[in-house]
Amino acid sequence: MMILQLSTLLLAALQGVQATRGIDRRQVVRSFNPHRNASSNTTPLQVGNGNFAFGVDVTGLQTFSPFATMSTWGWHNFSLPTTEGQTSVDDFTGLDWWTHGRLVNYDQPNPAESDISNWLIQNPQRINLGRVGFWFNGQDVTEELLQNKSQTLDLWTGKISSSFTYNGTPVEVETWSDSSSDIVGIAVGSELLSTGSLSIFFDFPFPTRNYFDAPFVGFFNATDKHTTRLQRGEKSATIRHDIDATSYYTSIAWNSGAAIAGPVEGTHRYILQPLGEAKNIELSVSFSPASVTDIPSFSDVASASTTWWESFWKSGAFIDLSGVKSPNATELQRRTILSQYLTAVNSASSYPPQGLVNNGWYGKFHLEMALWHLLHFARWNRFPLLRRSVPNTYSQYLDSSITRAKLQGYDGARWGKMTDPTGRSAPGEINSLLIWQQPHPMYFAELEYRSFPRDTTLKSWDKILTATADFMASYAFFNESTRYYDLGPPMYPASENTNPNATINPAFELAYWRFGLDIAVKWKQRQNLTVPDIWVGIRDNLAPLPTADDAFAIYEGIPNMWKENATVQDHPAMSAIFGLLPPPSSGPSLNMTVVRNTADKIRDLWDLGDCWGWDFPMLAMNSLRLGDIDQAVAYLLHPLFEFDDAGYPVGSRVPTPYFPGSSSFLLAMAMMAGGWDGEPGTHFPEGWDVQVEGFVPGL
C-alpha cells in the first residue's frame, strides 16, 4: 500500500497534476498580490491568457495611460513600396557574402533595394487592438484629480480590483480576462453612472513603424489614416476597424440600459453611456479577426478566469520560501510568483512569445530567444502551456527553413531569427548570421522526453530534429589544416558584438552544436532508426572549445581576450557551457579548471553593467553547477537585474519589460529547486527551510 501511495505521488509530480502535499499555495501566491495607488509610467497591471492581454492603469481601464490590448493574431502590414523593382516581397534579393570560398546569399538589407528591405524589416507589426477607458462627460480630468486611488491584482483568480473617488463619489471597478478567448470582462459600480458623469469609451489607434513602441503602442491622433464603423444591437454593439488591408472587430455586450454613440468628432472614440438610474454596469468586450455574436457574459468571463488561474496555481511545480527569514528569500519568492503570472499572461502563446505589454522589434518574435522564453514551462511541469507553441512553431516554419538552407547550399532546415507568423526572417546582418538558435529544438525535445518518454514524443519531434541536425552537419566546414570541423565565418555569436568575418568557432556555439548532435543521435537510437554517419563524424571532429588565459574565449583567435573591454561585454555566453548545458555526453570531457577560471573571470572582469535580461540567470545556473549557491543567489538578486513592483523585468538596454528576464529567472529557480542529472534535489543556501513540489531534475 505504501509503495502504491509513493508511486501515485511521483506520478502526480511528473505529470504536473494538482499536487498540494503541505504547501498552502494560495497563501503563498496571494501574499504577493501587486498593489498600486497610482499608474506606473512604464508597466500596466494585466489580465490575459497567453494569447491575449489587456493592460490597465490605476482606474482598472486604460483611462489616462493608453496601455495596450494585444493578441497573437493582431498583425498589420503597411502598403508595399511603389518604387520600381521593389513592389513585391519577391523583389527582395538580399546580399551575397563569401563563405568558405563560395558566395552565399543572406537575408540582409540591400542598399540597392532599400525600400523593400525596410518594408520586410518593419512588416508585419503587432497592433494595439484598442483602448477602453472612463469618459467623464467631456470634462478634462487627469489622474491627479482622482482621490483614494487603490488597485490590487489577485493573482489567484486573475482579477484586478480598482477603486477611486471622483468629485466625492466612489467608483469600483473589476477587470477580468477570459481564459481561452480575446475577451475582457468589466464591471463598474458608481452613482456617477446614473448622473451621466461617468461613461466608458472605446478608442482605436493607428500602428507605427517604430522599432520599439513603448510604453504605449500606436497613435491615437492619426484619424484620417484608418476608419471605424459602428453597428448597434440590443444591449450590444460591434465596431469594425479597418487599417489598410487589416480589419478586425470589437464586439461589446452589456447587461443594463445603455446607449453607444460616436465617433467623437475628429477621433475614433465611441462612448457607452448608461441610461436611467442604473448605478452598475457589466460588460464583455471581445476583440476578434471576424465578427462574433455569441459573447460570454461578464460573470462567465470572471468564472472562467477564476477556474483557470486556480488550476494553474494548483498544478505544476512550486517553490515555497515562506519559511525562510531572509529578505533575499522573500524577494526571490516575490519574483518567482509574479514571473509565473506574467509569463502565463504574456508568453504562453501559440507563437514564440515577444510579450503583450508593448512592441519591441515591431512585435516580432526571435527564435534564438524562444529557449529563454519557453524552456521554464518544461522545468516547472507546465507542458500544456509549452505545447501551445512547440513543437508546432517548428513544424509550421519547417518548409520555409528548409528552403532557406537550400538556397544557401545547405542541407536540412536553417531556422530564422527575427520572424513573424509568415515564417519570414526579417532582413538583417545579425538576423541572418546568428546560429545559436539552431540546436534549440533538441533542448525542447529532450526535456519533453524526460517527462514523457514515449513513442508519441519521439515521433512528434523526429522530423524537426532530423532537419535541424542535417543543417548543423552541413553548416560545419572541414578545415584541411586543423582536420577539425569549424563553425563560421561569417557568423555572429550570442553576444552579437564581434566581427562576423573574423568570428570562428565560438565557444558556446561549439558546445551547443555538440549537444544538439548528441540529442539527434539519441533520438534516432531510441527509435531503432539509422543514425546518419555524417552527424557522428562531424560531432566527433568539431573544433575544440577555444581558450585564452586558461579560460574560455568568445571565439577562436579573438585578440586580447580578457584584456580589452570589448572582449568582456554583452552576453557572457561561455558561462552557458556549464550552466544551461550539461557536461557533454560524447567527446572530450570539459576541463573543469577552465570552466572555473571562466566563471571567476566573468565575475571579476566582465562588464556586468553591459549585461541584461537572461545574462544574470545564465550566470546563476553556471554558479549552481559549480556548487557556489551563494554566488547564484547574488546573480539572481544583482542590483542591475531589476524587477518592478508588479514583477516586470526592467529592460535596461531595451524598453521595460524584457520578458526573457522573467523566464530565465524561473529557469534558474527550477534548477535550484529540482537540481540536474547527477545532483538532483534542492540547491538553496545552507540553513534555508524550503519546500518544493513537482520538479524533475534538469539535464
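Read on for an overview of the structure.

Points about the overall build of the chain
Counting its regular elements, the chain contains 18 helices and 32 strands. Its C-alpha radius of gyration of 26 Å places the chain within 12% of the 27 Å reference for a compact globule of 699 residues. Taken along its principal axes, the extent of the C-alpha atoms in the chain is 85 × 75 × 50 Å. Counting across all 699 residues of the chain, residues that qualify as buried make up 61%.

Looking at unusual backbone geometry
A cis amide bond, omega 5 degrees, links Gly262 with the succeeding residue Pro263. Mapped onto the secondary structure, Pro263 falls in the loop between strand 19 (258-261) and strand 20 (270-274). Omega for the peptide link from Pro489 to Pro490 comes to -5 degrees, which places this bond in the cis form. Its location among the elements puts Pro490 in the loop between strand 27 (484-486) and helix 13 (507-526). Phi at Arg483 takes a positive value of approximately 65 degrees, unusual for a residue other than glycine. Examined against the element boundaries, Arg483 turns out to sit in the loop between strand 26 (477-479) and strand 27. Taking relative accessible area as the criterion, Arg483 reaches 49% and is therefore assigned partly exposed. For Asp549, which is not a glycine, the phi torsion comes out positive at approximately 55 degrees.

Here we look at the packing of aromatic side chains
A complete count under the given rule lists 45 aromatic pairs for this structure. Three or more aromatic residues link up through ring pairs in this structure, and these residues are Trp372, Trp436, Tyr443, Phe508, Tyr512, Phe515 and Trp614. Positioned over the ring face of Phe220 is Arg131, at 5.6 Å from the centre of the ring.

Some thoughts on the environment of Val141
By secondary structure assignment, the location of Val141 is in the loop between strand 9 (131-135) and strand 10 (147-154). Separated by 118 residues in the primary sequence, Val141 and Ala259 have C-alpha atoms spaced 22 Å apart.

So, the packing of helix 6 (residues 327-346) against helix 18 (residues 660-674)
Viewed as axis vectors pointing N to C, helix 6 and helix 18 meet at an angle of 125 degrees, and their least axial separation amounts to 9 Å. For the element pair helix 6 / helix 18, the angle class is oblique. Judged by the sense of rotation from one axis to the other, the crossing of helix 6 with helix 18 is left-handed. Contact with helix 6, carried on its side by Leu332, Arg335, Thr336, Ser339, Gln340 and Thr343, involves Ser662, Ser663, Phe665, Leu666 and Met669 of helix 18 and no other residues of that element. Counted by class, the contact of helix 6 with helix 18 contains four nonpolar, six polar and one charged residues.

Comments concerning the pairing of strand 14 (residues 199-203)
Most of strand 14 is tucked away, with five of its five residues classed as buried. Residues of strand 14 alternate between two faces, with Ser199, Phe201 and Asp203 on one and Ile200 and Phe202 on the opposite face, all of them buried. Looking at chain direction, strand 9 and strand 14 are connected through five bridges and run antiparallel. Residue pairing across strands places Gly133 opposite Phe201, the latter belonging to strand 14. Pairing analysis gives three bridges linking strand 14 to strand 20, with the strands arranged antiparallel. Following the sheet pairing, Phe202 is matched in strand 20 by Tyr270.

Thoughts on the pattern of salt bridges
In a structure, side chains of opposite charge can pair up when their charged atoms sit close to one another. Tallied over the full model, the rule gives 22 salt bridges. The shortest N-O distance in the salt bridge between Lys563 and Asp549 comes to 2.9 Å. Here Lys563, found in the loop between strand 29 (551-552) and helix 15 (592-605), pairs with Asp549, found in the loop between strand 28 (547-548) and strand 29; they are 14 residues apart in sequence, far enough to count as distant. Arg653 is the salt-bridge partner of Asp570, the closest N and O atoms lying 3.0 Å from each other. Placement of the pair is Asp570 in the loop between strand 29 and helix 15 and Arg653 in the loop between helix 17 (629-636) and helix 18, with a sequence separation of 83 residues. Classification of Arg653 as partly exposed rests on a relative accessible area of 40%. Sharing partners across several salt bridges, the network here consists of Arg36, Asp644 and Asp645.

Description of helix 15
Here helix 15 contains 14 residues, and its C-alpha end-to-end distance of 19 Å stays within 8% of the 20 Å for a straight helix at 1.5 Å per residue. Every buried residue of helix 15 is listed here: Val594, Val595, Thr598, Ala599 and Ile602. Mapping the buried residues of helix 15 onto a view down its axis gives an arc of 140 degrees, with all of them on the same face. Check the buried side of helix 15 and you find it contacts strand 28, strand 29 and helix 16 (615-625). Capping the start of helix 15, Asn591 holds a side-chain oxygen 3.0 Å from the backbone nitrogen of Thr593, two or three residues further along.

Rules of the game
Residues numbered from 1 in each chain as written. Predicted model: local features only at pLDDT ≥ 70, side-chain atom pairs only at ≥ 80, totals over all residues. Heavy atoms only, no water. Helix = DSSP H or I, 4+ residues; strand = E, 2+ residues; numbered from the N terminus. Rg over C-alpha atoms; globule rule 2.2 N^0.38 Å. Buried < 20%, exposed > 50% of the residue type's maximum accessible area, 1.4 Å probe, protein only. Phe/Tyr/Trp six-rings, centres within 6.5 Å; stacked < 30°, edge-to-face > 60°. Lys NZ or Arg CZ within 6 Å of the ring centre and 35° of its normal. Axes fitted to C-alpha atoms, helices over the stretch in contact; angles between N-to-C directions. Parallel < 35°, antiparallel > 145°, perpendicular 65-115°, else oblique. Left-handed = near helix turned anticlockwise from the far one by under 90°. Contact = heavy atoms within 4.5 Å. Nonpolar A, V, L, I, M, F, W, Y, C, P; charged D, E, K, R; others polar. Pairing = 2+ DSSP bridges. Salt bridge = Lys/Arg side-chain N within 4 Å of Asp/Glu carboxyl O. Expected span 1.5 Å × (residues − 1). Arc of directions from axis to C-beta. Polar contact = N/O pair within 3.5 Å; in protein donor to acceptor, adjacent residues only side chain to side chain.

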